[in-house]
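Architecture and fold: a report
Listed here are the chains, written in short residue letters.
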Amino acid sequence: MGDSGSLVLGLFLFLSICQDPYYLADDAFIVDSYFLSFIIALFSAMLFDSVRVVIMRALKGNSPFEPDRSHLHHAYVDAGMSHLLATIKIVLNNMAVIAVWYFTAKAELSEVLQLAIVLSVGVVFIWVPYFMLEYLKNKSVDRYILITRRCRRRSEVLNNFSNLIQRIVDGRRRQTHIAK
């Protein structure tokens, strides 16, 4: 799909949420009262990672639009994870931020307090893994090597499982095709 396609899909998703926020939640009060923190939680992985990358590029004196490998996904892949495992980790981190938003909304905390909590948790779940990997890569090389080996093993297990599921699905497709 590429960057342009994902940008267009992201824009349409964002606009559709802005048009009808009640579509995504049963309790209209939660989305209505906490709409800003809801949007930030929903797009936390993309938002916080992009903000971190722009800040880091600006601090280095580079253009924020110049490509590099400073996104969280690249840090995970460089640490030995497969693209699938890196994506799963980022999605789980994003889901954790959404869960925090949900529980703070159900607790009916003030909008400002909830926004502060969502922003803090977003920074922790999206920025901290990147900075931890960078720190280990630069300061504790032996530990970083252990982490990369562990990531590669987990990625192999996940890829083997994915390939097994794909073979099962392909086998069922062939059987259905032959039966017709």
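What comes next concerns the included structure. Chains are numbered independently. Their residues run from 1 in the order of the written sequence. Confidence filtering applies because this is a predicted model: local features only for residues at pLDDT of at least 70, side-chain atom pairs given and counted only at 80 or more, and all residues used for totals across whole chains, interfaces and linings. To get the side-chain values, take all heavy atoms of the structure and skip hydrogens and water.

Considerations on the overall build of the chain
- Each helix is a run of DSSP H or I of at least 4 residues and each strand a run of E of at least 2, with the numbering of both proceeding from the N terminus. When you go through the chain residue by residue, the secondary structure sums to eight helices and zero strands.
- Element order for the chain, N to C, with α for helix and β for strand: α-α-α-α-α-α-α-α.
- The buried share among the 180 residues of the chain stands at 30%.
- A contact between two residues is defined here by any heavy atoms of the two lying within 4.5 Å. Sequence separation of at least 24 residues holds for 60% of the intrachain contacts in the chain that already meet a minimum separation of 6. Throughout this description, buried means an accessible area under 20% of the type-specific maximum (1.4 Å probe, protein chains only), exposed means over 50%, and partly exposed covers the range between.

Quick word on helix α7 (residues 111-139)
- An ideal rise of 1.5 Å per residue puts 42 Å on 29 residues; α7 measures up with 40 Å between its terminal C-alpha atoms.
- Each residue is assigned a bend, namely the angle between axes fitted to the seven residues that terminate at it and the seven residues that start at it. Taking the largest bend as the criterion, α7 deviates by roughly 35°, centred on tryptophan 127, and proline proline 129 comes between one and four positions later.
- The complete set of buried residues in α7 reads Gln114, Val118, Val121, Gly122, Ile126, Pro129, Tyr130, Leu133 and Leu136. Any helix carries an expected span of 1.5 Å times its number of residues minus one.

Description of the side chain of serine 44
- In this fold, serine 44 is placed in helix α4 (residues 44-59).
- Of the residues examined, serine 44 reaches a relative accessible area of 0% and is grouped as buried.
- Side-chain polar atoms of serine 44 contact the backbone oxygen of alanine 41, separated by 3.2 Å.
- With near-sequence residues (within four places) excluded, serine 44 lies in contact with Asp49, Asn94, Val97 and Ile126. We define a polar contact as two N or O atoms separated by no more than 3.5 Å, with the added condition that, inside protein, one atom must be a possible hydrogen donor and the other a possible acceptor, whereas residues neighbouring each other in sequence contribute only through side-chain atom pairs.

Some thoughts on the pattern of salt bridges
- We define a salt bridge as a contact between a side-chain nitrogen of Lys or Arg and a carboxyl oxygen of Asp or Glu at a distance within 4 Å. Counting across every chain of the model gives four salt bridges.
- One salt bridge connects aspartate 68 with arginine 57, and the closest N-O pair in it is separated by 2.6 Å. Taken together, the positions of aspartate 68 in the loop between α4 and α5 (72-78) and arginine 57 in helix α4 put the pair 11 residues apart, joining distant regions of the chain.
- Residue class for aspartate 68 comes out partly exposed when judged on its relative accessible area of 33%.

Regarding a nonpolar patch on the surface
- Patches here are clusters of residues that have more than 30% relative accessible area and form no salt bridge, with a 9 Å joining cutoff for like charges and a 5 Å cutoff for nonpolar side chains (Val, Leu, Ile, Met, Phe, Trp, Tyr). Only the protein chains shown count as cover for residues, and the accessible areas themselves come from Shrake-Rupley with a 1.4 Å probe. A grouping of Leu84, Ile88, Val91, Leu92 and Met95 is seen on the molecular surface, where their side chains present a nonpolar patch of about 420 Å² in accessible area.
- As for its position among the elements, methionine 95 is in helix α6 (residues 83-106).

Just distances and angles here, no functional claims.
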